[in-house]
Amino acid sequence: MRFSVLTLFPEMIRNTLETSITGKALEKGLFELETIQIRDHAVNSYGKVDDYVFGGGKGMLLMAEPVYQSWLDAVKCYSSVHADTEFEQAADSSVKRARTIYLSPKGRRFDQEAAARIAKQDHVILLCGHYEGIDQRVLDQIVDEEISLGDFVLTGGELAACVVIDAAARLLPGVLPAEEAYMNESHMSGLLEQPHYTRPSEWQGREVPEILLSGHQARIERWQYLRSLMETLDKRPDLLRSSDLKIEDWEDLIVILQEDKSRK
Ligand SMILES: C[S@@+](CC[C@H](N)C(=O)[O-])C[C@H]1O[C@@H](n2cnc3c(N)ncnc32)[C@H](O)[C@@H]1O
């Protein structure tokens with residue numbers, strides 16, 4: 001899978017994603033990361049890529065042409081690397097195989113489902129805006145979808161692009177040591193993950209729940225499921241549907257709550 005990021009600040013993308021788990025995955029070739037400097041497609045030799053907004057307003061806007069040329073670069077580059085035959089290359093240039101995402105506060109809020117959908121693509125082009133944003137005409141021409149990190153405004157799309165790539169890349173085969181590493185995580189099953197503990201078994205008078213040291217796998221798994229339900233009920237009840245909880249779950253949850261209360 002290949003991510004192409006169109007940006008004025010490629011170093012922000014590279015510095016972030018070439019670190020830690022995504023950095024190792026890039027080294028192993030588990031996915032590809034290309035950054036395209038929008039300024040390389042400036043409209044003049046001074047590197048001009050922005051201009052005043054028609055109709056007034058204080059800010060500057062990224063111009064359509066440098067963004068469009070950067071996008072063509074990303075599409076062409078992918079075609080020439082990945083198409084095996086001349087025929088495929090020709091087909092590629094007419095049929096747009098890449099999915100183009102504009103990071104924008106107006107977009108659909110990013111979530112685990114979107115990350116999983118993106119991880120299934122061959123080639124994703126992420127467009128990072130800056131200043132007041134980007135000329136609408138090029139957005140209309142090239143963008144398939146807009147994604148937002150949340151209801152707030154960032155100075156640029158780079159941090160959002162890194163978040164999207166990180167969340168999608170860790171779902172690709174081989175990036176994490178085992179599929180189980182993410183299958184039980186928060187938002188994968190619709191619930192938040194249960195709390196975790198590591199050694200020592202007692203820290204500053206706080207003990208690890210006894211059941212986790214019991215070695216009784218079936219009981220541990222039931223405990224983990226109930227704790228995951230409790231975590232969700234407590235922190236994100238909006239994620240739960242009433243059908244998620246059976247009568248016996250409620251009964252066991254009440255027992256756990258009583259145990260917690262008597263321990264405090
Ligand atoms: C200062 S913002 C422009 C905001 C725009 N004038 C508006 O009011 O919708 C500059 C760039 O940051 C990025 N950005 C800002 N907030 C974002 C968010 N919540 N999610 C994703 N990208 C965001 C976008 O790429 C945007 O083009």
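Just above, that's the structure.
To start, this report covers the structure provided alongside it. This one's a predicted model, so the numbers in the text were calculated from it and none came from an experiment. (Residues numbered from 1 in each chain as written. Predicted model: local features only at pLDDT ≥ 70, side-chain atom pairs only at ≥ 80, totals over all residues. Heavy atoms only, no water.)

## Some thoughts on the site of the ligand
Under the convention used in this document: One heavy atom within 4 Å of a molecule or strand makes the whole residue count as near it. Two N or O atoms count as a polar contact when they lie within 3.5 Å, although within protein this holds only if one can serve as hydrogen donor and the other as acceptor, and sequence-adjacent residues are included solely when both atoms are side-chain atoms. Computed with a 1.4 Å probe, the accessible areas rest on the Shrake-Rupley method; for each residue, only the protein chains presented here act as cover. The helix and strand labels rest on DSSP assignments: H or I over at least four residues marks a helix, E over at least two residues marks a strand, and numbering proceeds from the N terminus.
Close to the ligand lie 21 residues; Tyr-102, Leu-103, Glu-132, Phe-152 and Leu-154 are nearest. The side chain of Tyr-102 places a nitrogen or oxygen atom 2.7 Å from an oxygen atom of the ligand. Taking Leu-103, its main chain carries an N or O atom lying 2.6 Å from an oxygen atom of the ligand. If the ligand stood free it would expose 580 Å²; the protein chains cover 84% of that surface. Listed by contribution, the elements that provide at least two residues to the shell around the ligand are strand S5 (99-109) and strand S7 (145-148). For the shell around the ligand, the leading source of residues is S5, giving five residues.

## Focus on the packing of aromatic side chains
To describe a pair of aromatic rings, you give the distance between the ring centres and the angle between the ring planes. So the rule is basically this: Here is the rule: rings of Phe, Tyr and Trp (six-membered ring for Trp) pair when centre to centre is within 6.5 Å. Planes less than 30 degrees apart are stacked, more than 60 are edge-to-face, and the remainder are tilted. Partly exposed residues are those whose accessible area sits between 20% and 50% of the maximum for their type, while under 20% is buried and over 50% is exposed, using a 1.4 Å probe and protein chains only.
By the definition in use, this model includes two aromatic pairs. Their ring planes at 85 degrees and their centres at 5.7 Å tell us that Phe-3 and Phe-31 sit as a pair that is edge-to-face. Placement of Phe-3 in strand S1 (residues 2-7) and of Phe-31 in the loop between helix H2 (20-27) and strand S2 (32-37) is noted, with a sequence separation of 28 residues between them. The pair Phe-3 / Phe-31 is uniform in exposure class, with both members buried. The interplanar angle of 20 degrees and the centroid separation of 5.8 Å between the aromatic rings of Tyr-68 and Trp-71 together place this pair among those described as stacked. Taken together, the residues Tyr-68 and Trp-71, both in helix H3 (residues 64-82) and three residues apart, mark about one turn of the helix. Tyr-68 sits in the partly exposed class, given a relative accessible area of 23%. Since its relative accessible area comes to 7%, Trp-71 is described here as buried.

## What to know about helix H9 (residues 217-235)
Going by this rule: Expected span of a helix: the number of residues minus one, times 1.5 Å. We call two residues in contact whenever any of their non-hydrogen atoms come within 4.5 Å of each other.
Under the 1.5 Å per step criterion, the end-to-end length of H9 is 26 Å for 19 residues, consistent within 8% with the ideal 27 Å. Buried positions along H9 lie against helix H10 (247-263).

## Observations regarding the pattern of salt bridges
The line we're drawing: Definition used for salt bridges: Asp or Glu carboxyl oxygen within 4 Å of a side-chain nitrogen of Lys or Arg.
Under the defined criterion, the tally for this structure stands at 14 salt bridges. Across the pair Arg-137 and Asp-135 runs a salt bridge, and its minimum N-O distance is 2.6 Å. The partner of Arg-227 in a salt bridge is Asp-260, with the nearest N and O atoms 3.0 Å apart. Pair noted here: Arg-227 is in helix H9 and Asp-260 is in helix H10, with a separation of 33 residues, a long-range link. Judged by relative accessible area, Arg-227 falls into the buried class, the value being 14%. With relative accessibility at 14%, the residue Asp-260 sits in the buried group. Connected through shared salt-bridge partners, Arg-2, Glu-32 and Glu-34 make up one network.

## Section: the nonpolar core
Note the cut-off: Buried residues of nine kinds, namely Ala, Val, Leu, Ile, Met, Phe, Trp, Tyr and Cys, make up a nonpolar core once their side-chain atoms join them within 4.5 Å.
The biggest cluster of nonpolar side chains holds 32 residues, and the ones touching the most others in it are Phe-3, Ile-118 and Leu-126. Elements with a minimum of two residues in this core: S1, helix H1 (10-17), H2, S5, helix H5 (112-119), strand S6 (123-128) and helix H7 (158-169). For this core, the element with the highest residue contribution is H7, accounting for eight residues. Residues within four places of Ile-118 in sequence aside, it is in contact with Met-1, Phe-3, Ile-101, Phe-110, Val-124, Ile-147, Val-164 and Ala-168. The next biggest cluster of nonpolar side chains, apart from the first, holds 20 residues, and it includes Ile-36, Ala-64, Ala-98 and Val-143.

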